[in-house]
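Letter by letter, the chains look like this.
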Amino acid sequence: MMKKIFKGIVIFAFIGAMIINSFLNPSTASAASASKANNLKELRAELAAYQAKMNAAKQGSQNAQNKINSNKNSITAAEAEINTNKQKIEDSKKKIEELNVEIKDTEEQIKELLRSYEVMKGDNVYLDYIFGATSVSDFIIRCSISGQLASYNDELVASYEAKISENEQLQIDLNNREKQLDTQIENLENSITSLGEQIRQFDSEAVKFEDEVKATQESINYYVKQGCKETESFDSCVSMRSDTGFVRPLKKGVRTSNFGYRGTNPATGAPNDYHSGVDIGGNGEGTNVYSVANGRVGKIVRRSSCGGNVVYVYHTINGTKYTSAYMHLLSIKVNVGDLVTNTTVVGTVGGGAGTRSYDKCSTGPHLHLSLGTGWYGSTYVSYSSWRSHLVDPGKKDYVNIPAKGKWFYSRTWN
Ligand SMILES: [Zn+2]
């Protein structure tokens, strides 16, 4: 029993840790992350952070490049040393040859001297040398010199041999040094390869942060232009400007279905169907869909089986919160958290061939526009709450869409 409970606790803790971990490490897959700043001061801090990261990436790239250059210099120096050492080995070999010749010569001389030394005890033509002495003392000196020379030449041979073994040792040392330098060069080349990889990573990071810096700078310019104060919240600032109403989400179109209860759902065939918005046809797939007012992207649903790709935008119009929803989109052009104006393209018209594979609630290309009070996903979260907050977006007070079957050709006028 205890074991079972313990196992349960472990699994629970594990799942908990995974959930916490997923919050701490949000996916970095999307290129431009939505800003969390809610006023200019915070946005400027974000900008400074992006700039710092961008500069760090650039510096990292530069440092790696410097290291590569220094490694290349070290390789050149090592190769030069190898060449010098090869020359030294050649010289050393020649030196040994020379020393061998010297030894041979010296040994010849020794033999000769020993022969002349030997004659003191017997007959020999070299007696001439000894007996050619002019006096007794000269005779003794000559005998003595022959002996001394022989032993001196022995020493000479020994010193030559020492020099040969010195040179042999030098060659061993130089060969070892060459192996050492070869390893050094190999290590430096490997290091250059990994530094190159580092540079690529730093450079792509730098580009990413450069994009963030640009985007953040643009946002700052936008809010400054709107007259936002440094610590005034964007919600208050953006809603306070002349955003007192809605405009149409398309440049032209025709209402094809009304808001509210309608007979049978044209796509699913369900009876007594409640239609959560107004359908606008007359535009091909891929036509730009604009936000109906200034605001902030609050929620995005992708590839829903009924509604397809949906963007929800939060607005504050004359102090009242609204959420507008754009359904059956072929593509989504914004991210959650993006601040939008009524000229921002939030997505493109879908609902036809481009979205049919997953969106089962559309019969052809059109935009479904919903409008509800409050911020769906923030003020409340359930779909039933959203349903209960819906209003008819087609009304003149709201988005003002001409009656069913009538076309419009502007975002503001009939
Ligand atoms: Zn619809």
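None of these values were measured; they are calculated from a predicted model. (Residues numbered from 1 in each chain as written. Predicted model: local features only at pLDDT ≥ 70, side-chain atom pairs only at ≥ 80, totals over all residues. Heavy atoms only, no water.)

In the structure shown here, the tally under the stated rule is 13 aromatic pairs. Residues Y322 and Y398 carry aromatic rings whose centres are separated by 6.0 Å and whose planes lie at 70° to one another, so their mutual orientation is edge-to-face. Separated by 76 residues along the polypeptide, Y322 in strand β8 (residues 320-332) and Y398 in the loop between β12 (390-391) and β13 (407-408) bring together distant segments of the chain. According to the relative accessible area criterion, Y322 is buried, its value standing at 11%. Judged by its relative accessible area of 18%, Y398 falls in the buried class. One aromatic cluster is present, built from ring pairs that chain together Y312, Y376, Y380 and W386. Positioned over the ring face of Y376 is K299, at 4.7 Å from the centre of the ring. The ring of W375 is capped by K321, whose NZ or CZ atom sits 4.2 Å from the centre of that ring. (Phe/Tyr/Trp six-rings, centres within 6.5 Å; stacked < 30°, edge-to-face > 60°. Helix = DSSP H or I, 4+ residues; strand = E, 2+ residues; numbered from the N terminus. Buried < 20%, exposed > 50% of the residue type's maximum accessible area, 1.4 Å probe, protein only. Lys NZ or Arg CZ within 6 Å of the ring centre and 35° of its normal.)

Let's shift gears to the coordination of the zinc ion. Each angle at a metal carrying four tetrahedral donors should ideally be 109.5 degrees, and each at a metal carrying six octahedral donors should ideally be 90 or 180 degrees. Note on the zinc ion: its protein donors are H275 (NE2), D279 (OD) and H368 (ND1). The metal-donor distances range over 2.0 to 2.1 Å. In primary-sequence terms, the residues that donate to the zinc ion follow H-x3-D-x88-H. Placement of D279 in strand β4 (residues 278-281) and of H368 in strand β11 (residues 367-373) is noted, with a sequence separation of 89 residues between them. Relative accessible area serves as the criterion here: at 8%, D279 is assigned to the buried category. Residue H368 is classed as buried on the basis of its relative accessible area, which comes to 4%. (Donors = N, O, S within 2.8 Å, 3.2 Å for Na, K, Ca; no water.)

The next point concerns the nonpolar core. Buried together is how nonpolar side chains tend to be arranged in soluble globular proteins. Counting residues in hydrophobic clusters, the biggest one holds 28 residues, and the most contacted among them are F246, V289, V311 and Y326. Secondary structure elements with two or more residues in this core: β4, β6 (295-304), β7 (308-317), β8, β10 (345-349) and β11. Per-element accounting of this core gives the leading share, four residues, to β8. Those residues within four positions of V289 in sequence are excluded, and the remaining contacts are P249, L250, Y326, L329, T344, V345, V346, G347, T348, V349 and L367. Within the second largest apolar cluster, 13 residues are counted, among which are L47, M54, V213 and F234. (Core = buried A, V, L, I, M, F, W, Y, C linked by side-chain atoms within 4.5 Å. Contact = heavy atoms within 4.5 Å.)

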